[in-house]
Amino acid sequence: MEQKKGKATVAFARPPVICGAASIVGKKESEGPLGPFFDRHIMDDGKGMENWEQAESSMQKAAADLSITKAGLKRDDIRYLFAGDLLGQLIATSFGTVDLEIPLFGLYGACSTMGEAMSLGAMMVNAGYADHVLSMASSHFASAERQFRFPLAYGNQRPFSSTWTVTGCGSVLVGKRGLRDEKKSFRPMAQIAGITTGRIVDMEFRDSMNMGGAMAMAAVDTILQNFRDLDVEPGWYDKIITGDLGSVGQKILFDFLEQAGFDVRGVHMDCGMTIFDSASQDTHSGGSGCGCSAVTFCSYILPKIQDGTWKRILFLPTGALLSQISFNEGQSVPGIAHGVVIERAERR
C-alpha cells in the first residue's frame, strides 16, 4: 500500500495507536470550562520551584510519567521521546526530561510542537523503529511572558487581539498496533491514521501581539493541502481542530477557506477558544502556547474519540515562529501548522 499521499500527507498502512495520555495544568486553566477533564491541577503555578522555568520542567516530567503509568507501561518500555516547549534552547524540555533517561528528540515548532511531536512519533512507530514513543509539549504563562513580552510586574496593557499562554503540559504515548490487543481489557484510545506536514507560511505579519493572525494562513494552507492530498472535504471530519488561533485567527481562517470554496464553520473548533471562558477569564482572543493544544487534546479531545462521539478529526496545532531577536530586528512572524488525522480505534 502506498502510504505517501499527494504532496505532504502520509496515510499509515498500519496506523499507530495512542495507548495513554496525561494532562497537567495551572490554576487559571483549572478554573476554565475544561477544568474537570484535566488529570492534575497545579494551584501554585510556581510549583514551589525557584523560578517559572523549573516549574515548567517539573510539569513535563510529571506528565510523561503519568501518561506512561496510565498506559500500563514503564519508562524502560519507551524507546524515544519527542518533546518541546517555547523557551530558548528548549530548557523546559532538556531539564525536565533528563531524569526520564529516554532518548530525546528535542523539537521546536512554537505552538505547533504537539502536532510535530505526534507526527514524528507516529512515523517512527509505523516504520518499525520503535514499539512505544512519547510525544509531549508544554508551555507556561510566566516563562513565556518573561522571554517574549514584558516582566509580569510591569503590568502592561494587552490588546484584545492577544492571547494568554497556557500553563500546562500534555503527553501522549504512541504505540504499535497489536502489541497488546490480545489483552481484552486494553483498547487504544485512538489511532493516528495519517499526518499532513505543514510548511512555513510568511504573510509579512509583524504584530507580535496578534499570534492568531500570524498563524491563520498557515492553518489554511495545511487544511487545504490535507483536503487535496486525501481528496476529501470538510464533512469527512467530525471536527477540524486548530491549536490556538483564537477568535481573531478563526475569523481569518473562515474567510480564506470560504474563498477557497470550503465552509468549515460547522466542524471547526479551536483549542485556544475552548480552554478558557472568554466572558469571565479575561484572556482576550483566547489561549495559546505549546501546552494549549497539548492539554486540550489529552484531556478533552481524545476521550471523545475513544467513546465514539467523534469518529475522525483533523488535529491541527498552529505555531508562530518568532524570537526576541527576530522581532527586535524587524523580521516578520511566519506561521506553521501540522495536521494529524485521529480516528476511533475499533477493537480487532
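Model, not experiment: these values are computed from the prediction.

Cut-offs applied
- Residues numbered from 1 in each chain as written.
- Predicted model: local features only at pLDDT ≥ 70, side-chain atom pairs only at ≥ 80, totals over all residues.
- Heavy atoms only, no water.
- Helix = DSSP H or I, 4+ residues; strand = E, 2+ residues; numbered from the N terminus.
- Rg over C-alpha atoms; globule rule 2.2 N^0.38 Å.
- Buried < 20%, exposed > 50% of the residue type's maximum accessible area, 1.4 Å probe, protein only.
- Contact = heavy atoms within 4.5 Å.
- Areas by Shrake-Rupley, 256 points an atom, 1.4 Å probe, with all protein chains shown as cover.
- Lys, Arg positive; Asp, Glu negative; His and termini not counted.
- Charge placed at Lys NZ, Arg CZ, Asp CG, Glu CD.
- Phe/Tyr/Trp six-rings, centres within 6.5 Å; stacked < 30°, edge-to-face > 60°.
- Lys NZ or Arg CZ within 6 Å of the ring centre and 35° of its normal.
- Expected span 1.5 Å × (residues − 1).
- Axes fitted to C-alpha atoms, helices over the stretch in contact; angles between N-to-C directions.
- Left-handed = near helix turned anticlockwise from the far one by under 90°.
- Nonpolar A, V, L, I, M, F, W, Y, C, P; charged D, E, K, R; others polar.
- Salt bridge = Lys/Arg side-chain N within 4 Å of Asp/Glu carboxyl O.
- Pairing = 2+ DSSP bridges.
- Polar contact = N/O pair within 3.5 Å; in protein donor to acceptor, adjacent residues only side chain to side chain.

### Some remarks on the overall build of the protein
Then comes step 1: Across its full length, the protein carries 10 helices and 17 strands.
Then comes step 2: Whereas a compact globule of 348 residues would reach a radius of gyration of roughly 20 Å, the protein reaches 19 Å, a difference of no more than 12%.
Then comes step 3: Principal-axis analysis of the C-alpha atoms places the extent of the protein at approximately 55 × 50 × 35 Å.
Then comes step 4: Taking all 348 residues of the protein together, the buried fraction comes to 61%.
Then comes step 5: Taking all contacts inside the protein whose residues are at least 6 apart in sequence as the whole, residues at least 24 apart take part in 78%.
Then comes step 6: Carbon and sulfur atoms provide 51% of the accessible area of the protein, an area that totals close to 14200 Å².
Then comes step 7: Of the side chains in the protein, 34 bear a positive and 39 a negative charge, and the two mean positions are spaced by 7 Å.

### Here's the deal with the packing of aromatic side chains
Then comes step 1: All chains considered together, the criterion is met by seven aromatic pairs.
Then comes step 2: An angle of 10° between the planes, with centres 4.9 Å apart, marks the rings of Phe 82 and Phe 105 as stacked. With a gap of 23 residues between them, Phe 82 in strand S5 (residues 80-84) and Phe 105 in strand S6 (residues 104-107) connect regions that are remote in the sequence.
Then comes step 3: When its relative accessible area of 3% is taken as the criterion, Phe 82 is described as buried.
Then comes step 4: A connected cluster of aromatic rings, assembled from ring pairs, spans Phe 37, Tyr 300 and Trp 310.
Then comes step 5: Taking the ring centre of Trp 310 as reference, the NZ or CZ of Lys 304 above it sits at 5.8 Å.
Then comes step 6: Over the ring of Trp 236 we find Arg 312, and its NZ or CZ is 3.8 Å from the ring centre.

### So, helix H4 (residues 113-126)
Then comes step 1: The terminal C-alpha atoms of H4, which comprises 14 residues, lie 20 Å apart, in line with the 20 Å expected from a rise of 1.5 Å per residue.
Then comes step 2: By the criterion of burial, H4 is predominantly enclosed, with 12 of the 14 residues buried.
Then comes step 3: Looking at H4, one finds that the buried residues are Thr 113, Met 114, Gly 115, Glu 116, Ala 117, Met 118, Ser 119, Gly 121, Ala 122, Met 124, Val 125 and Asn 126.
Then comes step 4: One or two positions beyond H4, positive phi appears at Gly 128, with a value near 90°.

### Quick word on the packing of helix H6 (residues 211-230) against helix H7 (residues 246-259)
Packed helix pairs are specified by the crossing angle of their axes together with the interaxial distance, meaning the distance between the axes.
Then comes step 1: Closest axis-to-axis distance for the H6/H7 pair is 8 Å, and the angle between their directions is 35°. With respect to the hand of their crossing, H6 and H7 are arranged in right-handed fashion. Here Gly 212, Gly 213, Ala 216, Met 217, Ala 219, Val 220, Ile 223 and Leu 224 of H6 come into contact with H7, specifically with Gly 249, Ile 252, Leu 253, Phe 256 and Leu 257.
Then comes step 2: Of the residues belonging to the contact of H6 with H7, the class tally is 10 nonpolar, three polar and no charged.

### Re H6
Then comes step 1: Its 20 residues place the ends of H6 29 Å apart at the C-alpha level, agreeing with the 28 Å of an ideal helix rising 1.5 Å per residue.
Then comes step 2: Asp 231 lies just past H6 and shows a positive phi near 55°.

### Some words on the pattern of salt bridges
Should their charged atoms come close, side chains of opposite charge can pair.
Then comes step 1: This structure, assessed with the given rule, holds nine salt bridges.
Then comes step 2: Of the charged contacts in the structure, one is a salt bridge between Lys 61 and Asp 99, with a shortest N-O distance of 3.5 Å. Linking Lys 61 in helix H2 (residues 52-70) with Asp 99 in the loop between helix H3 (91-96) and S6, this pair joins segments that are 38 residues apart in sequence.
Then comes step 3: Residue classification places Lys 61 among the partly exposed positions, given a relative accessible area of 28%.

### Some points on the pairing of strand S17 (residues 339-343)
In summary, the side chains of a regular strand alternate between the two faces of the sheet.
Then comes step 1: Buried residues dominate S17, accounting for five of its five residues.
Then comes step 2: The alternating pattern of S17 places Gly 339, Val 341 and Glu 343 and Val 340 and Ile 342 on opposite faces, both of which are buried.
Then comes step 3: Pairing between strand S10 (residues 190-196) and S17: five bridges, direction antiparallel. Within S17, the residue paired with Gly 194 across the bridge is Val 341.

### Focus on the pairing of strand S11 (residues 239-242)
Then comes step 1: Where burial is concerned, the two faces of S11 agree: the one with Lys 239 and Ile 241 and the one with Ile 240 and Thr 242 are both buried.
Then comes step 2: The pairing of S11 with strand S14 (residues 312-316) spans four bridges and is classified as parallel. Its bridge partner being in S14, Ile 240 is matched across the sheet by Leu 314.
Then comes step 3: Direction of pairing for S11 relative to strand S12 (residues 268-270): parallel, over a ladder of three bridges. Considered in S12, the bridge of Ile 240 is made with His 268.

### Considering the side chain of Arg 344
Then comes step 1: Mapping Arg 344 onto the fold places it in the segment after S17.
Then comes step 2: With a relative accessible area of 19%, Arg 344 lands in the buried category.
Then comes step 3: One polar contact links the side chain of Arg 344 to the main-chain carbonyl oxygen of Gln 306, over a distance of 2.4 Å.
Then comes step 4: For Arg 344, the contacting residues outside a window of four places in its chain are Arg 187, Gln 191, Ile 305, Gln 306, Asp 307, Gly 308, Trp 310 and Lys 311.

### Observations concerning the side chain of Thr 9
Then comes step 1: With respect to the secondary-structure elements, Thr 9 resides in strand S2 (residues 9-11).
Then comes step 2: At 2.8 Å, the side chain of Thr 9 forms a polar contact with the side chain of Thr 196.
Then comes step 3: The residues touching Thr 9, leaving out its near neighbours within four places in the chain, are Gln 3, Lys 4, Ile 195, Thr 196, Gln 225, Asn 226, Asp 229 and Leu 230.

### Regarding the environment of Ala 130
Then comes step 1: With respect to the helices and strands, the residue Ala 130 is situated in the loop between H4 and strand S7 (132-139).
Then comes step 2: Ala 130 sits in the buried class, given a relative accessible area of 3%.
Then comes step 3: In the structure, Ala 130 is positioned 81 residues away from Met 49 in sequence and 34 Å away in space, judged by C-alpha atoms.
Then comes step 4: With sequence-adjacent residues up to four places away left out, Ala 130 is seen in contact with Arg 79, Tyr 80, Met 124 and Val 125.

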